[in-house]
Amino acid sequence: MLTPGLLIVGTDTGVGKTTLAQGLLRIASRKHFRLVPYKPVETGCAPHPEDARRLCAAADLPGLRPDDIAPFRFAHPVAPSVAARLAGTPISAQALRSHARDLRARGDALLVESAGGLLTPYASGLTSSSLSELFAVDILLVAPNRVGAINQAALALAEIRHRQLRFAGLVLVQVAPPSPLTEVHNAAEIAALTGITPLGTLRHCPGQDPDQLANAVAADISLGGLFGGVLA
Ligand SMILES: Nc1ncnc2c1ncn2[C@@H]1O[C@H](COP(=O)(O)OP(=O)(O)O)[C@@H](O)[C@H]1O
Ligand SMILES: [Mg+2]
């Protein structure tokens, strides 16, 4: 049975969420699996939503534009709850869910990119982690493959367990050129500490070309457990 969607959440901001999503979306496009991207809240729009642009370009779905997939767009590059307060536009869970339903109806499944990390706030009582329950989608956790990632990944996994959230897997991303010291040890240390073996480590791919990212994601990440295996 197909999982209807995934929520990509980071251990932090700038850890490779959009980069991984671009690769997954382009793989789906090649396989004629209509994976619809969704960026519920994008902050730091100057003035356009850059993540939504990258996600839309990678998905290559006819008629889907960046503004369609990013209903809440804010100028200030801060947490969604803060940006919303500064703009005087409250973020409502109901609006986020109804947008998720509309987008899911435009394809076969939803690929949601959260803002920042699990406990990044959107509104009172609403964090990135809440989106998993709100949209009924599994979490794909992304951690950067660098010094500090073991602790960050273990903390996030502990929170996912504590909240009993739906979990699909952990992906490490080589956000900077690899250093032999972290590269070979992080995945094994995380597995030993948490019992969760990462699905893979996405290599460093400068340039953000969706086709190159798709090739790298297909080569580096075990995709069999995602979306009923249609991307593998
Ligand atoms: N696999 C990668 N190869 C090269 N650079 C990367 C990679 N992943 C991330 N980066 C770099 O890190 C930055 C942040 O990545 P991004 O995917 O936008 O993170 P997030 O969506 O988590 O904020 C990118 O602009 C890029 O410079
Ligand atoms: Mg992003």
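Residues numbered from 1 in each chain as written. Chains lettered and ligands numbered in written order. Predicted model: local features only at pLDDT ≥ 70, side-chain atom pairs only at ≥ 80, totals over all residues. Heavy atoms only, no water.

This paragraph deals with the overall build of the chain. If you tally the helices and strands in the chain, you get ten helices and ten strands. For 232 residues, the compact-globule estimate of 2.2 N^0.38 gives 17 Å, and the C-alpha radius of gyration of the chain, at 16 Å, lies within 12% of that figure. With the C-alpha coordinates aligned to their principal axes, the bounding extent of the chain is approximately 45 × 35 × 35 Å. The proportion of buried residues among the 232 residues of the chain is 52%. (Helix = DSSP H or I, 4+ residues; strand = E, 2+ residues; numbered from the N terminus. Rg over C-alpha atoms; globule rule 2.2 N^0.38 Å. Buried < 20%, exposed > 50% of the residue type's maximum accessible area, 1.4 Å probe, protein only.)

A few words on the pairing of strand E8 (residues 138–144). Each regular strand carries side chains that alternate between the two faces of the sheet. A large share of E8 lies buried, amounting to seven of its seven residues. Of the two faces of E8, the one carrying Asp-138, Leu-140, Val-142 and Pro-144 and the one carrying Ile-139, Leu-141 and Ala-143 are both buried. As paired elements, strand E1 (residues 5–10) and E8 share five bridges and run parallel to each other. By the bridge assignment, Leu-7 is partnered in E8 with Ile-139. Looking at chain direction, E8 and strand E9 (residues 167–173) are connected through six bridges and run parallel. Of the residues in E9, the one forming a bridge with Val-142 is Val-171. Note that the unit made of E8, helix H7 (residues 149–162) and E9 has a crossover that is right-handed. (Pairing = 2+ DSSP bridges. Right-handed = clockwise from strand over helix to strand, strands pointing away.)

Looking at ligand 1, there are 17 residues lining it, with Gly-14, Lys-17, Thr-18, Thr-19 and Cys-205 nearest. Interatomic distance of 2.9 Å between a side-chain N/O atom of Lys-17 and an oxygen atom of ligand 1. In this structure, Thr-18 approaches ligand 1 through a side-chain N or O atom, which is 2.8 Å from an oxygen atom. When ligand 1 is considered free in solution it has 540 Å² of accessible area, and contact with the protein chains removes 77% of it. (Near = heavy atom within 4 Å. Polar contact = N/O pair within 3.5 Å; in protein donor to acceptor, adjacent residues only side chain to side chain. Areas by Shrake-Rupley, 256 points an atom, 1.4 Å probe, with all protein chains shown as cover.)

This brings us to the coordination of the magnesium ion (ligand 2). Donor atoms from the polypeptide that bind the magnesium ion (ligand 2) are Thr-18 (OG1), Asp-51 (OD) and Glu-113 (OE), placed at 2.0 to 2.2 Å. Between consecutive donor residues of the magnesium ion (ligand 2), the sequence gaps follow T-x32-D-x61-E. With a gap of 33 residues between them, Thr-18 in helix H1 (residues 17–30) and Asp-51 in helix H2 (residues 50–59) connect regions that are remote in the sequence. Asp-51 shares its class with Thr-18; the two are buried. (Donors = N, O, S within 2.8 Å, 3.2 Å for Na, K, Ca; no water.)

Further remarks concern helix H6 (residues 128–135). Of all eight residues in H6, seven are buried; the element is thus mostly enclosed. Residues of H6 that are buried: Ser-128, Ser-129, Ser-130, Leu-131, Ser-132, Leu-134 and Phe-135.

The next subject is the sheet that holds strand E2 (residues 35–38). Either a parallel or an antiparallel arrangement is found when strands of a sheet pair, and the pairing is made through backbone hydrogen bonds. The six strands are arranged E2-E5-E1-E8-E9-E10 in an open sheet whose pairing can be described as parallel. Each of the sheet's edge strands pairs with one partner strand only, and the pair in question is E2 and strand E10 (200–202). This sheet shows a mean twist of 25° between the axes of neighbouring strands, independent of strand direction. As defined by bridge partners, E9 adjoins E10 across three bridges and the pair is classed as parallel. The residue of E10 that forms the bridge with Leu-172 is Thr-201. The sheet strands contacting H1 are E1, E2, strand E5 (109–117), E8, E9 and E10, and the helix crosses E5 at an angle near 170°. (Axes fitted to C-alpha atoms, helices over the stretch in contact; angles between N-to-C directions. Contact = heavy atoms within 4.5 Å.)

Under the counting rule described, the total for this entry stands at three aromatic pairs. Ring centres of Phe-72 and Phe-74 lie 6.5 Å apart, and the angle between their planes is 25°; on these two criteria the pair is classed as stacked. The pair Phe-72 / Phe-74 is uniform in exposure class, with both members buried. (Phe/Tyr/Trp six-rings, centres within 6.5 Å; stacked < 30°, edge-to-face > 60°.)

Our focus in this paragraph is the pattern of salt bridges. Any two side chains of opposite charge can pair, given that their charged atoms come close. Applying the stated criterion to the full structure yields twelve salt bridges. One salt bridge in this structure joins Lys-39 and Asp-51, with 3.1 Å as the shortest N-O distance. Placement of the pair is Lys-39 in the loop between E2 and strand E3 (41–42) and Asp-51 in helix H2, with a sequence separation of twelve residues. Assigned by exposure class, Lys-39 and Asp-51 land together as buried. A salt bridge links Arg-53 to Glu-50; the nearest nitrogen and oxygen atoms lie 2.7 Å apart. (Salt bridge = Lys/Arg side-chain N within 4 Å of Asp/Glu carboxyl O.)

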